[in-house]
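Remarks on the overall topology
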Amino acid sequence: MGGQPLYLAPRLGERLRSLLESGELLHTLTDALGSPLNLVVPDQLAANLEQFRSVYRRHQLSGQVFFAHKANRSSALLRRLAATDAGVDVASLAELQHVLGAGFTPDRVMATGPKNPEFLWLAARTSVTVAVDGCDELEQLAGLVRKHALARVRVLLRLWGFETSGVRVLTRRSRFGTPVSELEPLLEAVERHGDVVDPVGVAYHLDTTGLGEKATALEGCLRVLEECRSRGLRTVAVDVGGGFGADYLADGEQWERYTTELTRAVLGTRPPLTWGGHGYGLRNEGGTLHGSLGLYPAHRPVAGPRYLDELLTRPAVSFDGRPLAALLLEHLYDLHIEPGRALLDQCGLTLAKVLEVRTGEDGGELLVRLAAKADDVALEEHGVLMDPVVVPRDPARPGDGPVAVHLFGSLCLETDLVTRRTVFLPRRPAPGDLLVFANTAGYCMDFHATHAQRQPVARKVAAWQEGGAWRWCLDDQYWPITSVGGAQ
Ligand SMILES: *Cc1c(COP(=O)(O)O)cnc(C)c1O
């Protein structure tokens, strides 16, 4: 093996750790249901919700936590959430149908994203709140409500392009929503259709990890709300979208060391760390480093509820530097959030069986082929670099020290690599072992899954603890009734 192992160990909460220690159960499940297999842990979702709620309580804020459904298709997760007081953000007709069928009443549902007429109609028909993209969508919605004599629909106005006063730092461009500079015609349309739409507030969702940008957007929303109220609109809510993120890695030092070594590998001052010299956005041009590392900041201690807390304590320059939370509280505004990835932190595992372990050329990295496609474990797709955990078929087999491996998928395609980097494992895997990818519930489980080569997409299983033991059922068999831990 070339040099010291460079591990990127996953951060494991109690539930995932306990499942990983239940090797026999994991093997029984994959023997019965095939590989790959997804495992979701609904009770963890409820626990994560509670963490977000505690941030609300700390700042004495009201408002709703809307789970961004698009991050996972699971029914079990959704039904577990239906047994709490959380809401859901749906971004398609089928997601809205799914959510209504899981037990969410329309007052707990928000429709966002690009909408086709059927989605818009069902949203209006069932009286869910609609995050309106712009004037055209507002006209379309108003037209639907009139034509079908529906009840007045609550709408949030989704905006982007906020500026801080003084420094002109624009928040990033978005495909969705209305730029703040075009607010006037939007508000005029809202007023014109006041009999059929009820503007309850404003919204943004920025696809960034930058706290500064989000604080700018929230402050911008507060100014827009002032303007709305000065025009006599009864807007009372700010929806700050999602993007609170997750902390994937157990050890920040491993992350620092790994990224340093990756940089050195790209520069050629150490042996390669990837298949085919891939640089994850970095390039070597005549001995100097170019580009930037296009990776998720996998070690991210300020993520999820902590990220929300930090956002709320940011000062608002155009409001005498007062914290954003204080301004929300003073006006009794509702704060809505739409976390996807952050609510799904520690909520799932993806299991893949090892089919083949081949010795590499010149005694280099082992070539490990899995019974899973790269799309079944989409960590790489999301730029998340994190090691799988080896769960041996035979727990008594002695470990034989660390190995460096390449992880290949099951497609007949050169590019079907579960990850393009060399992965270091603390022990050599053998055919029949499982490689378990932790924390995949947010976007890495089913968002990218395909039927390529007529291979099956992973089945999904829901697991919960009861009397110290793990119980499980197929995802679509799960309902949060008495047999299910924690939901009563
Ligand atoms: C995707 C999305 C979210 C969730 O984003 P995360 O990064 O998963 O928290 C929330 N709101 C909207 C409108 C989205 O498109």
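A closer look at the site of the ligand
- Near the ligand there are 13 residues, and of these Lys70, Gly243, Glu338, Arg341 and Tyr443 occur at the shortest range.
- Glutamate 338 places a side-chain nitrogen or oxygen 2.6 Å from a nitrogen atom of the ligand.
- Glycine 340 places a polar main-chain atom, nitrogen or oxygen, 2.9 Å from an oxygen atom of the ligand.
- Along the lines of polarity and charge, the residues of the shell around the ligand split into 3 nonpolar, 5 polar and 5 charged.

Some words on helix 7 (residues 135-147)
- The terminal C-alpha atoms of helix 7 lie 18 Å apart, and with 13 residues this matches the ideal 18 Å at 1.5 Å per residue to within 8%.
- Lining the buried residues of helix 7 we find helix 6 (117-125), strand 5 (129-132), strand 6 (153-160), helix 8 (183-192) and strand 8 (197-203).
- Following helix 7 by one or two positions, alanine 149 adopts a phi angle in the positive range, close to 50 degrees.

Some points on the nonpolar core
- One finds Phe104, Leu141, Tyr204, Val238, Leu308, Leu335 and Ile337 to be the most contacted residues of the largest nonpolar core, which totals 90 residues.
- In terms of residues, this core owes the most to one element, helix 9 (residues 211-230), which gives 9 residues.
- In contact with leucine 335, other than residues within four places in its own chain, are Tyr56, Leu61, Ser62, Gly63, Gln64, Val238, Val240, Leu308, Leu312 and Leu328.
- In terms of nonpolar packing, the next biggest core, distinct from the first, is built from 39 residues, Leu8, Leu273, Leu435 and Cys444 among them.

Here's the deal with the state of the cysteines
- What the rule picks out here adds up to 0 disulfides.
- Just so you know, cysteine 135 is unpaired, no disulfide at all, and the nearest cysteine sulfur is the one on cysteine 228, 13 Å from it.

So, the environment of aspartate 43
- By the element assignment, aspartate 43 lies in helix 3 (residues 42-58).
- Placed 400 residues apart in sequence, aspartate 43 and tyrosine 443 show a C-alpha to C-alpha distance of 18 Å.
- In terms of polar contacts, aspartate 43 uses its side chain to reach the side chain of arginine 80, at 2.8 Å.

Digging into the side chain of histidine 336
- As for its placement among the helices and strands, histidine 336 is situated in strand 14 (residues 334-336).
- The buried category is assigned to histidine 336, whose relative accessible area is 12%.
- Histidine 336 has contacts with Tyr56, Gly63, Gln64, Phe66, Ala237, Val238, Asp239, Val240 and Gly241, leaving out every residue within four places of it along the chain.

Some thoughts on the packing of helix 3 against helix 4 (residues 75-82)
- The N-to-C vectors of helix 3 and helix 4 enclose an angle of 45 degrees; their axes lie 8 Å apart at closest approach. With respect to helix 4, the element helix 3 is oriented oblique. When you trace helix 3 past helix 4, the crossing you get is right-handed. Counting all contacts with helix 3, which are made through Pro42, Asp43, Leu45, Ala46 and Leu49, the residues of helix 4 involved are Ala76, Leu77, Arg80 and Leu81.
- Grouping the amino acids of the contact of helix 3 with helix 4 by side-chain chemistry returns 7 nonpolar, no polar and 2 charged.

Examining the domain arrangement of the protein
- Per the domain assignment, the segments making up the protein are domain 1 (14-41 + 346-476) and domain 2 (42-245 + 300-336).
- Between the C-alpha centres of domain 1 and domain 2 the distance comes to 35 Å.
- On the domain 2 side, the residues contacting the 18 residues of domain 1 number 15 residues.
- Taken together, the two surfaces of domain 1 and domain 2 that pack against each other cover about 1400 Å², and 50% of this comes from carbon and sulfur.
- Of all residues in domain 1, Arg15, Tyr443 and Asp446 give up the largest surface area on contact with domain 2, accounting jointly for 33% of the area buried on that side.
- Across the contact surface, domain 1 and domain 2 share 0 salt bridges.
- Applying the counting rule to domain 1 against domain 2 returns 11 residue pairs in polar contact (both at pLDDT 80 or more).
- With 4 residues, the single largest contributor to the side of domain 1 that touches domain 2 is strand 21 (residues 459-466).
- Looking at the side of domain 1 that touches domain 2 residue by residue, the classes come out as 11 nonpolar, 2 polar and 5 charged.

Comments concerning the packing of helix 9 against helix 11 (residues 305-313)
- Where helix 9 meets helix 11, the closest approach of the two axes is 9 Å, and the angle between their N-to-C directions is 55 degrees. In terms of their interaxial angle, helix 9 and helix 11 are classed as oblique. Crossing of helix 9 against helix 11: the hand is right-handed. Across from Leu211, Lys214, Ala215 and Leu218 in helix 9, the residues of helix 11 making contact are Tyr307, Glu310 and Leu311.
- In terms of residue class, the contact of helix 9 with helix 11 is built from 5 nonpolar, no polar and 2 charged.

Looking at the environment of proline 36
- Position of proline 36 among the secondary structure elements: in the loop between helix 2 (23-33) and strand 1 (37-40).
- As a C-alpha pair, proline 36 and histidine 148 span 112 residues in sequence and 46 Å in three-dimensional space.
- Leave out the neighbours within four places in its chain, and proline 36 touches Leu351, Ala371, Ala372, Asp376, Ala458 and Arg459.

Points about the pattern of salt bridges
- Per the stated rule, a full pass over the model turns up 28 salt bridges.
- With a shortest N-O distance of 2.7 Å, arginine 57 and glutamate 50 are connected by a salt bridge.
- Owing to a relative accessible area of 39%, glutamate 50 belongs among the partly exposed residues under this scheme.
- The partner of arginine 420 in a salt bridge is glutamate 380, and the shortest N-O contact between them spans 2.9 Å. Of this pair, arginine 420 sits in the loop between strand 18 (403-408) and strand 19 (423-425) while glutamate 380 is found in the loop between strand 16 (366-370) and strand 17 (389-391), placing the two residues 40 residues apart along the sequence.

As for the side chain of threonine 112
- Following the sequence through the fold, threonine 112 ends up in the loop between strand 4 (109-111) and helix 6.
- A polar contact is formed between the side chain of threonine 112 and the side chain of aspartate 89, at a distance of 2.6 Å.

Conventions and cut-offs
- Residues numbered from 1 in each chain as written.
- Predicted model: local features only at pLDDT ≥ 70, side-chain atom pairs only at ≥ 80, totals over all residues.
- Heavy atoms only, no water.
- Near = heavy atom within 4 Å.
- Polar contact = N/O pair within 3.5 Å; in protein donor to acceptor, adjacent residues only side chain to side chain.
- Nonpolar A, V, L, I, M, F, W, Y, C, P; charged D, E, K, R; others polar.
- Helix = DSSP H or I, 4+ residues; strand = E, 2+ residues; numbered from the N terminus.
- Expected span 1.5 Å × (residues − 1).
- Contact = heavy atoms within 4.5 Å.
- Core = buried A, V, L, I, M, F, W, Y, C linked by side-chain atoms within 4.5 Å.
- Buried < 20%, exposed > 50% of the residue type's maximum accessible area, 1.4 Å probe, protein only.
- Disulfide = S-S within 2.5 Å.
- Axes fitted to C-alpha atoms, helices over the stretch in contact; angles between N-to-C directions.
- Parallel < 35°, antiparallel > 145°, perpendicular 65-115°, else oblique.
- Left-handed = near helix turned anticlockwise from the far one by under 90°.
- Domains from an automatic or database assignment.
- Buried area = accessible area lost by both parts, 1.4 Å probe.
- Salt bridge = Lys/Arg side-chain N within 4 Å of Asp/Glu carboxyl O.

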